[in-house]
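Inside the fold
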Amino acid sequence: MKEFSYTIKDEIGIHARPAGNLVKLVKGFTSAVTIEKESKPAVNATALMKLMSLGVKCGDTVKFTVQGDDEDAAAKAIEEFMNANL
Amino acid sequence: MDYNKCAKEILAAIGGKDNLISGAHCATRLRLVIADNGKVKKSVLENIDGVKGVFEAAGQLQIIIGTGTVNKVYDEFVKLAGISAASKDDVKKAAASKAPWYKKAIKTLGDIFVPIIPAIVATGLLCGLLGGLSKAFPNFANTQIFTLLDMFSNAALTFLPILIAVSAAKIFGANVYLGAVIGMIMIHPNLINAWSVGDGTNLPTLWSWFGAWNIHATGYQGHVIPVVIAVLILSIIEKWLHRHVPEMFDLFVTPLVSVLITGFLTMTVIGPVFSQLETWVLTGAKWLISIPFGIGSFLMGAAYAPTVVAGVHHMYNAIELSMLAANGQNIWMPIATAANVAQGAAALAVGFKTRNKKIKSMALPASLSAFLGITEPAIFGVNLRFVKPLIAGMIGGACGAAVASIMGVYATANGVTGVFGFLITTESFFGYLLTFVVATVVAFVVSWIIYRDKDEEAEEAPEAESSSDDVEVKAAEEYDDSFVYSPLKGKAVLMADVPDETFATDVLGMGAAVDPSEGKVVAPADGEVTTLFDTNHAIGLTLDNGMELLIHVGINTVELNGEGYKSYVSEGDRVTRGQTLITFDIPLIQSKGYKTVTPVIITNPDDFKSIVKAADGDVGFLDKLISTEK
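Residue positions are given per chain, counting from 1 as you read along its sequence in written order. Labels follow written order: the first chain is A, the first ligand is 1, and so on. Selection of residues for local features in this predicted model requires a pLDDT of at least 70, selection of side-chain atom pairs for listing and counting requires 80 or more, and totals for whole chains, interfaces and linings are taken over all residues. Working from all heavy atoms in the structure, the side-chain values ignore hydrogens and water.

1. Side note on the packing of aromatic side chains
Any pair of aromatic rings gets described here by the distance separating the centres and the angle formed by the planes. Residues and elements named next belong to chain B. Heads up, the rule is: Stacked, tilted and edge-to-face are the three classes applied to pairs of Phe, Tyr and Trp rings, where Trp contributes its six-membered ring and a pair requires centres within 6.5 Å; stacked means planes under 30 degrees apart, edge-to-face means over 60, and tilted covers the rest. Under the DSSP-based scheme used, a helix requires at least four consecutive residues in state H or I and a strand at least two consecutive residues in state E, with every element numbered from the N terminus. When a residue's accessible area, from a 1.4 Å probe over protein chains only, is under 20% of the maximum for its type it is buried; when over 50% it is exposed; and in between it is partly exposed.
Inspection of every chain in the model, using the stated rule, returns 14 aromatic pairs over all chains. On the basis of an interplanar angle of 65 degrees and a centroid distance of 5.4 Å, the ring pair of F386 and Y451 is categorised as edge-to-face. One end of the pair, F386, is in helix α16 (residues 376-386); the other, Y451, is in the loop between α18 (429-450) and α19 (455-466), with 65 residues separating them in the sequence. A residue is classified by how much of its surface remains accessible, and F386, at 11% relative accessible area, is buried. On the basis of relative accessible area, Y451 is assigned to the buried category, the value being 3%. Clustering of aromatic rings is evident, with ring pairs tying together F371, F422, F429, F430, Y432 and F436.

In structure tokens form, the structure reads like this:
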């Protein structure tokens, strides 16, 4: 299992477009990925609606948990995605 | 670096303006949304002088240009691409550019005044109430609570130039904080308060222009026009400097020089011009009211409001004071009352007659404030904008003033007008009452007759009135679980034709889109609000049949930050079919350069065998939009 945190730098945060792209990315891996925002319960990163309902804004820190066969590659790809987009 | 050239080359490399959906910029990058990424020549883009990098992210084409330069490239880019992404103000300016200059000037004044009306109304009402109370109960004026409330009541009027300057800076595109500084200079405590100047003699003077002429060290309390002119000058100087000062000095040279030049011109040129104008107005007013048989008063009653507009009415209290000193009879105050309440009545008529909710909600409080003696909201916010009510008010003011003169109405003090004027006209109560009534009735009737909503204002009205009503579900209508019913009214659009890659390629899910003709989203079926963006531009529902639905109003409209959107539900709410979820202002959103086409997306498409658009052409609320198969 891999875990890492990321602090959002994008002004708008995780709105529809980046959320959709993130879900698409995560779906490309077999590992189970969850996202957790501070106090809120973790959500499955392939559930677009739940992801959006986290209401992640600029300055928020989210924690990713990746578990599965391709967890290393998945974690790396997600981190790159976050760095490039959010 | 040549910003125009850079912008031109970028536009060519992305496939021209037809291939551009919208554009914005952040601190370092141009963020463009492209219709067809296939037309973008990335290698060409990367080699443009000034472009430091290009990549696609989150469905946007992001072009790195760098701090300090990206905004300048963006400005050029916006012009070339013909997008109005920047602001409503630009669109307004474009719309106004065809009108003759005086109409533009009036419109600009209105635009500047409208945002600050709440501040003026609050203090205006308080001011009138306190003035009235202290005349009714003379001891009240000596209490400490009065001192405290008096401070609240006159703050906005005392510091009006700062409010005006900030609002004007926004309209003219100057830095808002520099605008505020100019406003502060104009009412600096080291200057004598304009309201306490009296007849203008024995004022301290300040040096100017090597002694060519001296300026009076008086402030601009309550002034409007000089402040607007000053900020206009500021915006011109500031913009010129931004273009001509090298970037590395821009940050400190431009603000310093802008404030210095504007401040100096304001105090030494604009100031003297206005103080000369005020002197003439004072002389003119004194001469006018000396014409007998009510004729002079009639003319003064008409001329009063225009002098308020010009901001040259501040020395009138000098007239009142000299009258009171001479024989204790202030015949000026009834004229002022007639003029003020007439403007209020004219605005009131507009408020009752208009079908535009925005104008209505502004006209009524503005009018109330005018009846208490503070006319600026009514004049600048309503009457001057439409001109005709101003004229109606002038006619009413003239008639009222003539009545006052013929009846020999006079006040025994000064400082209040309007309703509270009754307290200082006890010697001629009926005359004052008649003055008041004539001015009000004449202005109201004339304004009612000649004011008409312009087409654009009337059009908004029916939409605004019906927009938040829930859509009725016909009882007989059968409901089929396998369909998604349209949450909007408009034209059905194939998702692949939505001019945005993220939606068109089903990244978010599958469904269909609606190009709305009415700015309202209703619940397509019973369910729960799973997510509502706090910008109100998109809403996610989980329907009772397990379907997750995202309704995203417009493309890239997250950038509007909620402007133009209103929601009627919150996260976790249960909603029933036909219930209004969101309303949005289609013209406003489009005027900002965004498309309002609204994807309706099933975000759990994996739970379905097929998802197909089921409507062609026009769809009404709750018509079948998408058909699904499990």
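More follows now that the structure is in view.
2. Thoughts on unusual backbone geometry
Residue and element names in this part refer to chain B. Not every positive phi belongs to a glycine, and N556 is a case in point at roughly 65 degrees. Relative to the assigned elements, N556 resides in the loop between β13 (548-552) and β14 (565-567). With relative accessibility at 3%, the residue N556 sits in the buried group. Positive phi is not limited to glycine here, since N561 has a value of about 60 degrees. Within the fold, N561 resides in the loop between β13 and β14. Taking the relative accessible area as the measure of exposure, N561 reaches 62% and is therefore exposed.

3. Some thoughts on the nonpolar core
Rules: What makes a nonpolar core is a set of buried Ala, Val, Leu, Ile, Met, Phe, Trp, Tyr and Cys residues whose side-chain atoms join them at distances within 4.5 Å. Domain limits in this description derive from either an automatic procedure or a database domain assignment. Pairs of residues are marked as contacts when any of their non-hydrogen atoms sit within 4.5 Å.
The biggest cluster of nonpolar side chains holds 77 residues, and the ones touching the most others in it are I164(B), M300(B) and W332(B). Of the residues forming this core, the biggest block, 9 residues, is contributed by helix α14 (residues 332-353) of chain B. Shared between two domains, this core holds at least three residues of each, these being domain 2 (165-289) and domain 3 (292-451) of chain B. Dropping the residues within four chain positions of it, I164(B) is found in contact with I112(B), F113(B), I116(B), H223(B), V224(B), V227(B) and V228(B). Counting 42 residues, the second-largest nonpolar core is a separate cluster that includes L48(A), A75(A), I21(B) and V498(B).

4. A word on the sheet that holds strand β18 (residues 610-613) of chain B
Residue and element names in this part refer to chain B. To be explicit about the condition: Being paired, for any two strands, means DSSP has found at least two bridges between them. Interaxial angles span 0 to 180 degrees and are taken between N-to-C directions of axes, which are lines fitted to C-alpha atoms, for helices over the stretch in contact.
Taken together, the 3 strands give an open sheet; going across it, the order is β7-β20-β18, and neighbouring strands pair in antiparallel fashion. The two strands at the open ends of the sheet, each matched to only one other strand, are β7 (483-485) and β18. Sheet twist, expressed as the mean angle between neighbouring strand axes with direction ignored, is 20 degrees. Relative to strand β20 (residues 624-629), β7 is paired through 3 bridges, and the arrangement is antiparallel. Looking at the pairing, F483 lines up with S627 of β20.

5. Topic: the interface of chain B and chain A
Think of interface size as the accessible area that goes away when the parts come together; that is how it is often given. Keep this limit in mind: Buried area counts how much accessible surface, traced with a 1.4 Å probe, disappears from two parts once they are put together, with both parts' losses summed. In what follows, salt bridge is the name for a side-chain nitrogen of Lys or Arg lying within 4 Å of a carboxyl oxygen of Asp or Glu. Here a polar contact means two N or O atoms within 3.5 Å. Within protein one must be a hydrogen donor candidate and the other an acceptor candidate, and residues neighboring in sequence count only if both atoms are side-chain atoms. Any residue that is not Ala, Val, Leu, Ile, Met, Phe, Trp, Tyr, Cys, Pro, Asp, Glu, Lys or Arg is counted as polar, Gly included; the first ten are nonpolar and the last four charged.
Taken residue by residue, the interface counts 28 residues in chain B and 17 residues in chain A. Across the chain B/chain A interface, buried area totals approximately 1,900 Å², and carbon plus sulfur atoms make up 60% of it. Where chain B meets chain A, there are 2 salt bridges. For D606(B), the salt bridge identified is with K27(A), shortest N-O distance 3.7 Å. Seen at the junction of chain B and chain A, the total is 2 residue pairs in polar contact (both at pLDDT 80 or more). Put simply, the parts of the chain that give the side of chain B that touches chain A at least two residues each are β2 (29-34), β3 (53-57), β11 (527-532), β12 (538-543) and β13 of chain B. Element by element, the count of residues in the side of chain B that touches chain A is highest for β13(B), at 4 residues. Tallied by class, the residues present in the side of chain B that touches chain A amount to 12 nonpolar, 8 polar and 8 charged.

6. Observations concerning helix α15 (residues 357-371) of chain B
All names here are of chain B. This is how it is decided: One less than the number of residues in a helix, times 1.5 Å, gives the span that helix is expected to have.
Compared with an ideal rise of 1.5 Å per residue, which puts 15 residues at 21 Å, α15 spans 22 Å between its outermost C-alpha atoms and is within 8% of the ideal. Taken as a whole, α15 has its buried residues at I359, M362, A363, A366, S367, S369, A370 and F371. Where α15 ends, the next residue or the one after it, G373, has phi of about 105 degrees, a positive value.

7. A few points about α14(B)
Under the 1.5 Å per step criterion, the end-to-end length of α14(B) is 32 Å for 22 residues, consistent within 8% with the ideal 32 Å. The buried count for α14(B) comes to 19 of 22 residues, which makes it a mostly enclosed element.

8. A look at the environment of M184(B)
Relative to the helices and strands, M184(B) is located in helix α9 (residues 176-186). C-alpha separation for the pair M184(B) and F159(B), spaced 25 residues apart in sequence, amounts to 7.9 Å.

9. Details of a nonpolar patch on the surface
Residue and element names in this part refer to chain B. What counts here: Patch membership is restricted to residues that have no salt bridge and whose relative accessible area is over 30%. Joining uses 9 Å for like charges and 5 Å for the nonpolar side chains Val, Leu, Ile, Met, Phe, Trp and Tyr. Only the protein chains shown count as cover for residues, and the accessible areas themselves come from Shrake-Rupley with a 1.4 Å probe.
Taken together, the side chains of F352, L364, F429, F430, L433, V437, V441, V445, W448 and I449 define a hydrophobic patch exposed on the protein surface, amounting to about 920 Å² of accessible area. When residues in the nonpolar patch are grouped by element, the largest group, 8 residues, is from α18. If you trace the backbone, W448 turns up in helix α18.

10. Considerations on the packing of helix α11 (residues 247-288) of chain B against helix α12 (residues 295-310) of chain B
All names here are of chain B. Operational definition: For classification purposes, an angle smaller than 35 degrees is called roughly parallel, one larger than 145 roughly antiparallel, one from 65 to 115 roughly perpendicular, and anything else oblique. Helix crossings fall into two classes, left-handed where the near helix is turned counterclockwise from the far one by less than a right angle and right-handed where it is turned clockwise.
In the contact formed by α11 and α12, the axes pass within 10 Å of each other and the chain directions differ by 165 degrees. Taken as axis vectors, α11 and α12 run roughly antiparallel relative to one another. Crossing angle aside, the handedness with which α11 passes α12 is left-handed. Along the contact surface, α11 presents F274, V281, A285 and L288, while α12 presents G296, L299, M300, T307 and A310. Class assignment of the residues belonging to the contact of α11 with α12 gives a composition of 7 nonpolar, 2 polar and no charged.

11. Things to note about the sheet that holds β12(B)
Residues and elements named next belong to chain B. Pairing in this open sheet of 8 strands is antiparallel, and the strands run β15-β11-β12-β13-β17-β9-β8-β19 from one edge to the other. A strand with exactly one partner marks an edge of an open sheet, and here the two such strands are β15 (574-575) and β19 (618-619). Pairing between strand β9 (residues 510-516) and strand β17 (residues 598-602): 5 bridges, direction antiparallel. When the sheet's bridge partners are listed, A512 is paired in β17 with V600.

12. Quick word on the pairing of β2(B)
Residues and elements named next belong to chain B. Among the 6 residues of β2, 5 are classified as buried, and the element is accordingly described as predominantly covered. Relative to β2, strand β1 (residues 20-25) runs antiparallel, the two sharing 5 bridges. Pairing of L20 across the sheet is with I34, part of β2. Taken together, the 4 bridges between β2 and strand β4 (residues 60-64) define a ladder with antiparallel strand orientation. Looking across to β4, one finds that R31 is bridged to Q62.

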